[in-house]
Amino acid sequence: MKSAGIPGRVVMQFVVNTDGKVDPGSLKVMNSTHKAFEDPAKDAILKCPFKPGRSRGQPVRVLVQQAIAFKLQ
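All of these numbers come straight from a predicted model, not from anything done at the bench. (Residues numbered from 1 in each chain as written. Predicted model: local features only at pLDDT ≥ 70, side-chain atom pairs only at ≥ 80, totals over all residues. Heavy atoms only, no water.)

So what's going on with the overall build of the protein chain? Which residues, and what values?
Per the secondary structure count, the protein chain includes one helix and five strands. Counted from the first residue to the last, the protein chain has its helices and strands arranged as β-β-α-β-β-β. Seen through its C-alpha atoms, the protein chain measures out along the principal axes to roughly 50 × 20 × 15 Å. Counting all 73 residues of the protein chain, 27% fall into the buried class. For the protein chain, the share of sequence-separated contacts (at least 6 apart) that also reach a separation of at least 24 residues comes to 64%. For the protein chain, the exposed surface amounts to about 5,200 Å²; the carbon and sulfur share of it is 51%. Here the protein chain contributes 12 positive and 5 negative side-chain charges, whose respective centroids are spaced 8 Å apart. (Helix = DSSP H or I, 4+ residues; strand = E, 2+ residues; numbered from the N terminus. Buried < 20%, exposed > 50% of the residue type's maximum accessible area, 1.4 Å probe, protein only. Contact = heavy atoms within 4.5 Å. Areas by Shrake-Rupley, 256 points an atom, 1.4 Å probe, with all protein chains shown as cover. Lys, Arg positive; Asp, Glu negative; His and termini not counted. Charge placed at Lys NZ, Arg CZ, Asp CG, Glu CD.)

Here you go:
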């Protein structure tokens with residue numbers, strides 16, 4: 001898509017576990033400007049470290065939505 005000059009955006013929904021890692025089975029594409037951006041967005045989310053949610057000082061699983069933009073520079 002980059003060589004074609006097409007920018008894009010993907011909104012992902014996923015669960016961050018108590019260890020800060022994404023539950024791979026929870027990954028869901030909520031919105032995408034083009035199907036070709038979805039797999040790279042999934043790969044990026046799985047590689048990112050997150051801080052788990054906290055409740056009463058204890059780490060908890062949390063449902064997150066994250067937008068990923070693919071820009072041309």
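Next comes the rest of the write-up.
Tell me about the confidence of the model for the protein chain, and name the residues and values.
Averaged over every residue, the pLDDT of the protein chain is 92; residues scoring 70 or more account for 93%. Within the protein chain, strand β3 (residues 53-55) has the poorest average pLDDT of any element, 94, and strand β2 (residues 28-32) the best, 97. (pLDDT = per-residue confidence, 0-100.)

Break down the sheet that holds β2 for me, with residues and values.
By way of backbone hydrogen bonds, the strands of a sheet pair with one another, either parallel or antiparallel. Taken in spatial order, the three strands line up as β2-β1-β5 in an open sheet, and their pairing is antiparallel. The open sheet has two edge strands, β2 and β5 (62-70), and neither has a second partner. Going across the sheet, the axis of each strand differs from the next one's by a mean of 20°, ignoring polarity. Across four bridges, the pairing between strand β1 (residues 8-16) and β2 is antiparallel. From the neighbouring strand, Met12 faces β2, where its bridge partner is Val29. (Pairing = 2+ DSSP bridges. Axes fitted to C-alpha atoms, helices over the stretch in contact; angles between N-to-C directions.)

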